[in-house]
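Chain by chain, the residues:
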Amino acid sequence: MRIIILGCGSSGGVPLITGEWGNCDPNNPRNRRRRASILLEIQGKIILIDAGPDMREQLLDTGITNIDAVIFTHAHSDHLRGIDDLRQFAIRNKHPIPLYGDEHTLKSIKINYPYALCQVDEFYPSFVTVHPFSEGKIVVAGIEMCAFPQHHGNMVSWGFRVGDFAYSTDFHHIPDKSLSQLRRLKCWVVDCLRFKPHPTHSFFAQTVELIQKLQPEQAILTHMNQDFDYDEAVKHLPPGIQPGIDGMIVEFSGENVIIYDKVSMLC
Ligand SMILES: [Zn+2]
Ligand SMILES: [Zn+2]
């Protein structure tokens, strides 16, 4: 299994479209962050978790030219506004791309992107199908994973566990039942918006405490905003925890987990 962190930025990305870098050092390439999403390569399948507004550029950067399915954490725009670009995969594959989401996410897609699901005319066929999931074991493109709910302000976001890997973005709080799905992980990618508390996201002290409680072998922070400078975070992080970098790769090889990224390899 291989995971690519396509983006580890918050809803506005870093820098913001206004050019603001906040507390992030603009000279450090590790601080340039696209919207949060990951790609799973497992048993010959390629599954995206979230399809944000940067999806096209993110996939072009990987060189991966096809996907088998998309699974959504929740319906916020920074996680699904890339949906229109899925049309190209459907055209090439000659079948629609399956989308997996909870009831609320799929309802949002049906309301906002009706043409994606229903043929408009002979020139514009539908290009996605929708597949609801709920808590527990789910099968996505033939791959078994576990979905667990997280509290994200006044909505639910979903975390996913695949083997010894788990992804938890966009949460403020993880209920105890879901925490039980996060034991004995080799790698956990986890929300850490900024240093200061936030009403809908986890923040530095809380995320570190949670990681220390659950004790994954490795933890990678994601959904970081412009106030969260890479080098400043590294200074305060205990061993085994690192901020994500766009393009970072997590490779599971037998019992080992190898984490590397293009930026560090170039330095
Ligand atoms: Zn988000
Ligand atoms: Zn969100």
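Everything below is about the structure shown above.
Residues numbered from 1 in each chain as written. Chains lettered and ligands numbered in written order. Predicted model: local features only at pLDDT ≥ 70, side-chain atom pairs only at ≥ 80, totals over all residues. Heavy atoms only, no water.

**Structural notes on the pattern of salt bridges**
Part 1: Counted by the stated rule, this structure contains 10 salt bridges.
Part 2: Between Glu-41 and Arg-2 there is a salt bridge, with the nearest N and O atoms lying 2.5 Å from each other. Placement of the pair is Glu-41 in strand β2 (residues 37–42) and Arg-2 in strand β1 (residues 2–7), with a sequence separation of 39 residues.
Part 3: Judged by its relative accessible area of 23%, Glu-41 is partly exposed.
Part 4: On the basis of relative accessibility, which here comes to 24%, the residue Arg-2 falls in the partly exposed class.
Part 5: Salt-bridge contacts for Glu-232 lead to Lys-235; the nearest nitrogen and oxygen are separated by 3.2 Å. In this pair, Glu-232 and Lys-235 are both assigned in helix α8 (residues 230–236), three residues apart and thus about one turn of the helix distant. (Salt bridge = Lys/Arg side-chain N within 4 Å of Asp/Glu carboxyl O. Helix = DSSP H or I, 4+ residues; strand = E, 2+ residues; numbered from the N terminus. Buried < 20%, exposed > 50% of the residue type's maximum accessible area, 1.4 Å probe, protein only.)

**Section: the pairing of strand β5 (residues 97–101)**
Part 1: With five of five residues buried, β5 lies mostly within the body of the structure.
Part 2: Residues Ile-97, Leu-99 and Gly-101 line one face of β5 and the alternating positions Pro-98 and Tyr-100 line the opposite face, and both faces are buried.
Part 3: Relative to β5, strand β4 (residues 69–71) runs parallel, the two being bridged by two bridges. What sits directly across from Val-70, in β5, is Leu-99.
Part 4: Two elements, β5 and strand β6 (residues 128–132), share five bridges in a ladder whose sense is parallel. Directly across from Tyr-100, in β6, lies its bridge partner His-131. (Pairing = 2+ DSSP bridges.)

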